[in-house]
Amino acid sequence: MAAPVLRNSNRLSEADLVEIVKTRSQQHLLAISGRNTLSETLTDALMRLGDVNVSNALARNAGARFSECGYATLVGRAERDESLAEKLGLRLDIPANLLRELLTKATDIVRARFLTAPRPVVQARGTNAKPISAAPRKKIDYTQAQAEVLALNRSGKLNDSTVNRFAVRSEYVHVVAALSLLSEVKIEAIEPLIEPERLYGLIVACRASRLSWSTMTMIIRNRPGCAPPTQRELDQAHEVFDTLLLSVAQWTARFGADRMAAKKIDCAAAARQ
């Protein structure tokens, strides 16, 4: 049976697909793993019989739904597969407790990669919501905000409650400036973290800045142009925040800044060619 048929045909019932999974080759399983939607029954069957390529295909398929057992299986396999760990870390639907386990087991580099990478963003809040990318923001001048937070810091007044107040008032120019100063990361690396798809990177910056979860919550909830977070997003965010040691968060924040700088250099070099 041709791979395009297995990936796209609406004539194949779930029972048909499960039977194919049980009786056909890994190539057939890989093709099924690329279908637009996959039920928990199908993903359970695919993971039970599929190889590493099938696991990776399922992890990057936003339309695949996993049972708790299925997700636990993927997280277990991710301990030996860095590519799989990165893909799982970017999924919006991974249970918070398994995200914690994934963060704990991942190597420093892999953890840093998916914490600083852009994640999908859901436009609507329904079951069939599709991921979208955020529109780019206008260029902002941070000069005055940087001067103000530097003065607050010198007088010992740039603290958790001050940043919390900035967030509550939606003074995000000051939030960005404060995070940059407290985490010792350049403004250019902190500014994109306010975007919807950079939630994990924002958590890293806040943790590296020694902020509390209460302040982190205010920053997440009041980001300009961002829809309110779902409970699942908050649960995932809390697990990331609690799991990250200060030293790991500080290293990850600098790793993300270095990656961003390297990408800018690569883009500039490509533009000159």
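Worth saying up front: this structure is predicted, and the values here are computed from it rather than measured.

A.B. asks: How should I be thinking about the overall build of the protein chain in this particular structure?
C.D. replies: Scanning the protein chain from terminus to terminus reveals 17 helices and two strands. Its C-alpha atoms give the protein chain principal-axis dimensions of about 70 × 45 × 35 Å. In the protein chain, which comprises 273 residues, the proportion classed as buried is 47%. Of the contacts formed within the protein chain by residues at least 6 apart in sequence, a portion of 67% connects residues at least 24 apart. Of the roughly 14,100 Å² that the protein chain leaves accessible, carbon and sulfur atoms contribute 52%.

A.B. asks: Looking at this structure, how should I read the environment of glycine 225?
C.D. replies: Looking at the secondary structure, you find glycine 225 in the loop between helix H15 (213-221) and helix H16 (231-243). Given a relative accessible area of 80%, glycine 225 falls into the exposed group.

A.B. asks: Before we go on, may I ask you to explain the packing of aromatic side chains in this structure?
C.D. replies: To describe a pair of aromatic rings, one takes the distance between the centres and the angle between the planes. By the definition in use, this model includes three aromatic pairs. Seen in terms of ring centroids, phenylalanine 66 and tyrosine 71 are 4.9 Å apart; in terms of plane orientation they differ by 45°. Their pairing is tilted. Just as phenylalanine 66 is buried, tyrosine 71 falls in that class too. Ring centres 5.3 Å apart and planes at 25° place the aromatic pair tryptophan 251 and phenylalanine 255 in the stacked group. Taken together, the residues tryptophan 251 and phenylalanine 255, both in helix H17 (residues 246-272) and four residues apart, mark about one turn of the helix. Residue placement shows arginine 119 over the ring face of tyrosine 200; its charged tip is 4.0 Å from the ring centre. Sitting over the ring of phenylalanine 241, arginine 207 keeps its end group 5.6 Å from the ring centre.

A.B. asks: Would you mind showing me how to read unusual backbone geometry here?
C.D. replies: Keep in mind that most residues, glycine aside, have a negative phi and that most peptide bonds are trans. Positive phi outside glycine occurs at serine 170, with the angle close to 60°. Secondary-structure assignment places serine 170 in the loop between helix H11 (160-168) and helix H12 (172-183). Judged by its relative accessible area of 45%, serine 170 is partly exposed. The residue arginine 210 is not glycine, and still its phi comes out positive at about 65°. Note that arginine 210 resides in the loop between helix H14 (199-208) and H15.

A.B. asks: Mind showing me how you'd approach the side chain of asparagine 56 here?
C.D. replies: Looking at where asparagine 56 falls in the secondary structure, it is placed in helix H5 (residues 52-60). Polar contacts involving the side chain of asparagine 56 include one to the side chain of serine 83, which spans 3.2 Å.

About the cut-offs
- Residues numbered from 1 in each chain as written.
- Predicted model: local features only at pLDDT ≥ 70, side-chain atom pairs only at ≥ 80, totals over all residues.
- Heavy atoms only, no water.
- Helix = DSSP H or I, 4+ residues; strand = E, 2+ residues; numbered from the N terminus.
- Buried < 20%, exposed > 50% of the residue type's maximum accessible area, 1.4 Å probe, protein only.
- Contact = heavy atoms within 4.5 Å.
- Areas by Shrake-Rupley, 256 points an atom, 1.4 Å probe, with all protein chains shown as cover.
- Phe/Tyr/Trp six-rings, centres within 6.5 Å; stacked < 30°, edge-to-face > 60°.
- Lys NZ or Arg CZ within 6 Å of the ring centre and 35° of its normal.
- Polar contact = N/O pair within 3.5 Å; in protein donor to acceptor, adjacent residues only side chain to side chain.

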